Amino acid sequence: MNINSDYIVIKALEDGVNVIGLTRGADTRFHHSEKLDKGEVLIAQFTEHTSAIKVRGKAYIQTRHGEIESEGKK
């Protein structure tokens, strides 16, 4: 599988949704973050440097594996 082939779409369903890219390798670290407001869409890609993407806040997330809605802050 080509590690550069997977994209995900994240649509913020509330203000202040955080999207955080995590590195691959021996130590997992944060390497990039974005803050989205309600209605904003981010298209993110897994790369040789990004092995995971963390979404904090209420958002709609679409991948080639399916769709999911994250929960907002309580």
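In what follows, the structure referred to is the one given above.
Computed from a prediction, not measured in an experiment: that's the story for all the values here. (Residues numbered from 1 in each chain as written. Predicted model: local features only at pLDDT ≥ 70, side-chain atom pairs only at ≥ 80, totals over all residues. Heavy atoms only, no water.)

Moving on: the environment of Glu40. In this structure, Glu40 sits in the loop between β3 (30-36) and β4 (41-45). Between the C-alpha atom of Glu40 and that of Lys11, which follows or precedes it by 29 residues, the distance is 5.8 Å. Each residue touching Glu40, except ones within four places of it in the same chain, is listed here: Ile10, Lys11, Ala12 and Lys35. In terms of polar contacts, Glu40 uses its side chain to reach the backbone amide nitrogen of Asp37, at 2.7 Å. (Helix = DSSP H or I, 4+ residues; strand = E, 2+ residues; numbered from the N terminus. Contact = heavy atoms within 4.5 Å. Polar contact = N/O pair within 3.5 Å; in protein donor to acceptor, adjacent residues only side chain to side chain.)

To continue, consider the sheet that holds strand β2 (residues 17-23). Strand order across the open sheet formed by 3 strands is β3-β2-β5, with antiparallel pairing between neighbours. Either end of the sheet is taken by a strand with one partner, and the two such strands are β3 and β5 (50-56). Geometrically, the sheet is characterised by an average inter-axis angle of 15° between neighbouring strands, direction not taken into account. Summarising the sheet, β2 and β3 pair through 6 bridges and their orientation is antiparallel. (Pairing = 2+ DSSP bridges. Axes fitted to C-alpha atoms, helices over the stretch in contact; angles between N-to-C directions.)

We now examine the pattern of salt bridges. When charged atoms on two side chains of opposite charge get close, those side chains can pair. Taken as a whole and assessed by the stated rule, the structure comprises 2 salt bridges. Here Arg64 makes a salt bridge to Asp6, at a shortest N to O gap of 2.7 Å. Of this pair, Arg64 sits in the loop between β6 (59-63) and β7 (66-69) while Asp6 sits in the segment before β1 (7-12), placing them 58 residues apart in sequence. When its relative accessible area of 57% is taken as the criterion, Arg64 is described as exposed. (Salt bridge = Lys/Arg side-chain N within 4 Å of Asp/Glu carboxyl O. Buried < 20%, exposed > 50% of the residue type's maximum accessible area, 1.4 Å probe, protein only.)

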